[in-house]
Protein chains: 2
Amino acid sequence: MARILITSGPTRQYLDPVRYLTNASSGRMGAALASAAINEGHEVVIVSGPVSVEYPLRAKLINVVTTDEMLEAATETFAKCDGAIGAAAPCDYMPRFIQKQKIAKTGEPLQLELVETPDIVATLGQQKRRGQWVVGFALETQDRRFRATVKLEKKLCDLIVSNGPQAIDSDQNDVELLDGAGNVIAAIHGNKEIVARKLLKKITKFIQ
Amino acid sequence: MARILITSGPTRQYLDPVRYLTNASSGRMGAALASAAINEGHEVVIVSGPVSVEYPLRAKLINVVTTDEMLEAATETFAKCDGAIGAAAPCDYMPRFIQKQKIAKTGEPLQLELVETPDIVATLGQQKRRGQWVVGFALETQDRRFRATVKLEKKLCDLIVSNGPQAIDSDQNDVELLDGAGNVIAAIHGNKEIVARKLLKKITKFIQ
């Protein structure tokens, strides 16, 4: 049985003490994957951004807020794991400057400079030792299969799960699991629990 | 007994189909105020942004996502109410342009131009007919009492509740209720249910 890191949920990038940039990731896919992995006898460590979903009690849970915090917790955890599934939707842009006080409205437009946050799955891909594996998620609104395969290569993933924006904050999901050659290993549709169970079976089978 | 509009929770302003600007408002204060008002025999309509809190079933609930949607639902509802409590934390900036497809990362910084969203409580203040009342909330990180009083005047509120950022997404709250002359009518500390009950008693007493 394996020790698996699952990243889950969104992260937040604050502009000031009140406002932040994020996405609607609910953590349900991460929670469903964690449950499926535990039921298969694996050990699970979840690194999660702020969510209201309940994670399985038998998983070890590390809570984070920002993408930098998720990166730190994930890389540290991954060093002691067999594999990682990047089900989180980390906020991938952050304000270049964070204001210490709440930005007061002036009636004028506000120019915000956003810079990219570090890529967590890509970092795990680079960190991989022999025998370790990384499965990424790609959420795209267009050219889904092509962009997912590009991401797989760029991030040094073994497999990538491609899904669309309708997956966000939804009970349902509609995914394709792709390998490094762009082959569709599985196309799965259903509620996130069903999708997670089938995905996990395919992933562990492929990895062996 | 009165018919009271309560706005609650955050709103979201999307940059693209995935990413949005928001804040950590949980809707707990709005839910607690709604329960307190219903227990006092009032009729309650809640206009709420996306939250995971449970609102009292006896309140009428209108769900919205953006600040514009909250404004529309709130102004329409307020026309048939005796008073309004603006407990929501609407996102007060929105991207000038919304991208139809997910913005792809390029490695370069992203310049985002934000413009102010309409002010919901100020709009309700302007809309007030004789006998109607509006209570606002001011969340400030500095000069709290002064800024709250300025907001009360600018937004044509009858009363304003001043609180700090530690109130966001917390069970506890620490508030001051201020009148138009800047007088502190009440200073209340405790969990949000206690604060809501005491606030509502003070508000309805003051309004009569």
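Here the structure is a predicted model, which means the values were calculated and not measured.

## Remarks on the interface of chain B and chain A
- Taken residue by residue, the interface counts 39 residues in chain B and 39 residues in chain A.
- Summed over both partners, the interface of chain B with chain A buries about 3500 Å², with 51% contributed by carbon and sulfur atoms.
- It is Y93, K102 and K105 of chain B in chain B that bury the most area against chain A; as a group they hold 17% of the surface buried on that side.
- On the surface where chain B and chain A come into contact, there are 4 salt bridges.
- We note a salt bridge from D119 of chain B to K105 of chain A, for which the minimum N-O separation is 4.0 Å.
- At the boundary of chain B with chain A, the tally comes to 20 residue pairs in polar contact (both at pLDDT 80 or more).
- Looking at the side of chain B that touches chain A, the elements that each hand over two or more residues are β3 (19–23), β8 (110–116) and α4 (144–154) of chain B.
- No other element matches the 7 residues that β8 of chain B contributes to the side of chain B that touches chain A.
- Of the residues belonging to the side of chain B that touches chain A, the class tally is 17 nonpolar, 10 polar and 12 charged.
- Across 5 bridges, the pairing between strand β3 (residues 19–23) of chain A and β3 of chain B is antiparallel. Within β3 of chain B, the residue paired with N23 of chain A across the bridge is R19 of chain B.

## A few points about the environment of V134 of chain A
Residue and element names in this part refer to chain A.
- Assignment of secondary structure puts V134 in strand β9 (residues 133–139).
- Sequence spacing of V134 and C157 is 23 residues, and the spatial spacing of their C-alpha atoms is 5.1 Å.
- Apart from residues lying up to four places away in sequence, V134 is in contact with F78, A84, V121, L124, G125, K128, C157, D158 and L159.

## Points about the relation of the copies chain B and chain A
- By a simple turn and slide, chain B fits onto chain A: the slide is 0.0 Å along the axis, the RMSD is 0.0 Å, and the turn is 180°. As the rotation angle and translation indicate, the two copies are arranged about a two-fold axis.
- Comparing interface residues between copies, 100% of those in chain B also lie at the interface in chain A; the contact surface is shared.

## Here's the deal with the UniProt feature "domain: DNA/pantothenate metabolism flavoprotein C-terminal" (unreviewed entry) in chain A
- With numbering aligned to this structure, UniProt lists the feature "domain: DNA/pantothenate metabolism flavoprotein C-terminal" (unreviewed entry) at residues 3–205 of chain A.
- Annotation note: span residues 3–205 of chain A, helix share 28%, strand share 32%, distance between end C-alpha atoms 15 Å.

## Notes on the packing of helix α2 (residues 67–78) of chain B against helix α3 (residues 120–127) of chain B
Residue and element names in this part refer to chain B.
- The contact between α2 and α3 brings their axes to 10 Å, and the two run at 25°. One finds that α2 runs roughly parallel with respect to α3. The chirality of how α2 crosses α3 is right-handed. On α3, the residues that touch T67, M70, L71, A74, T75 and F78 of α2 are I120, T123, L124 and Q127.
- Here the contact of α2 with α3 is composed, by residue class, of 6 nonpolar, 4 polar and no charged.

## Thoughts on the packing of aromatic side chains
Residue and element names in this part refer to chain A.
- Enumeration over the complete set of coordinates arrives at 2 aromatic pairs over all chains.
- Each ring, one from Y14 and one from Y20, has its centre 4.9 Å from the other, and the planes form 55°; the classification is tilted.
- We classify Y14 as partly exposed; its relative accessible area is 22%.

Conventions and cut-offs
Residues numbered from 1 in each chain as written. Chains lettered and ligands numbered in written order. Predicted model: local features only at pLDDT ≥ 70, side-chain atom pairs only at ≥ 80, totals over all residues. Heavy atoms only, no water. Contact = heavy atoms within 4.5 Å. Buried area = accessible area lost by both parts, 1.4 Å probe. Salt bridge = Lys/Arg side-chain N within 4 Å of Asp/Glu carboxyl O. Polar contact = N/O pair within 3.5 Å; in protein donor to acceptor, adjacent residues only side chain to side chain. Helix = DSSP H or I, 4+ residues; strand = E, 2+ residues; numbered from the N terminus. Nonpolar A, V, L, I, M, F, W, Y, C, P; charged D, E, K, R; others polar. Pairing = 2+ DSSP bridges. Least-squares fit on C-alpha atoms with pLDDT ≥ 70 in both. UniProt positions renumbered as here; feature names shortened; annotations may be inferred. Axes fitted to C-alpha atoms, helices over the stretch in contact; angles between N-to-C directions. Parallel < 35°, antiparallel > 145°, perpendicular 65-115°, else oblique. Left-handed = near helix turned anticlockwise from the far one by under 90°. Phe/Tyr/Trp six-rings, centres within 6.5 Å; stacked < 30°, edge-to-face > 60°. Buried < 20%, exposed > 50% of the residue type's maximum accessible area, 1.4 Å probe, protein only.

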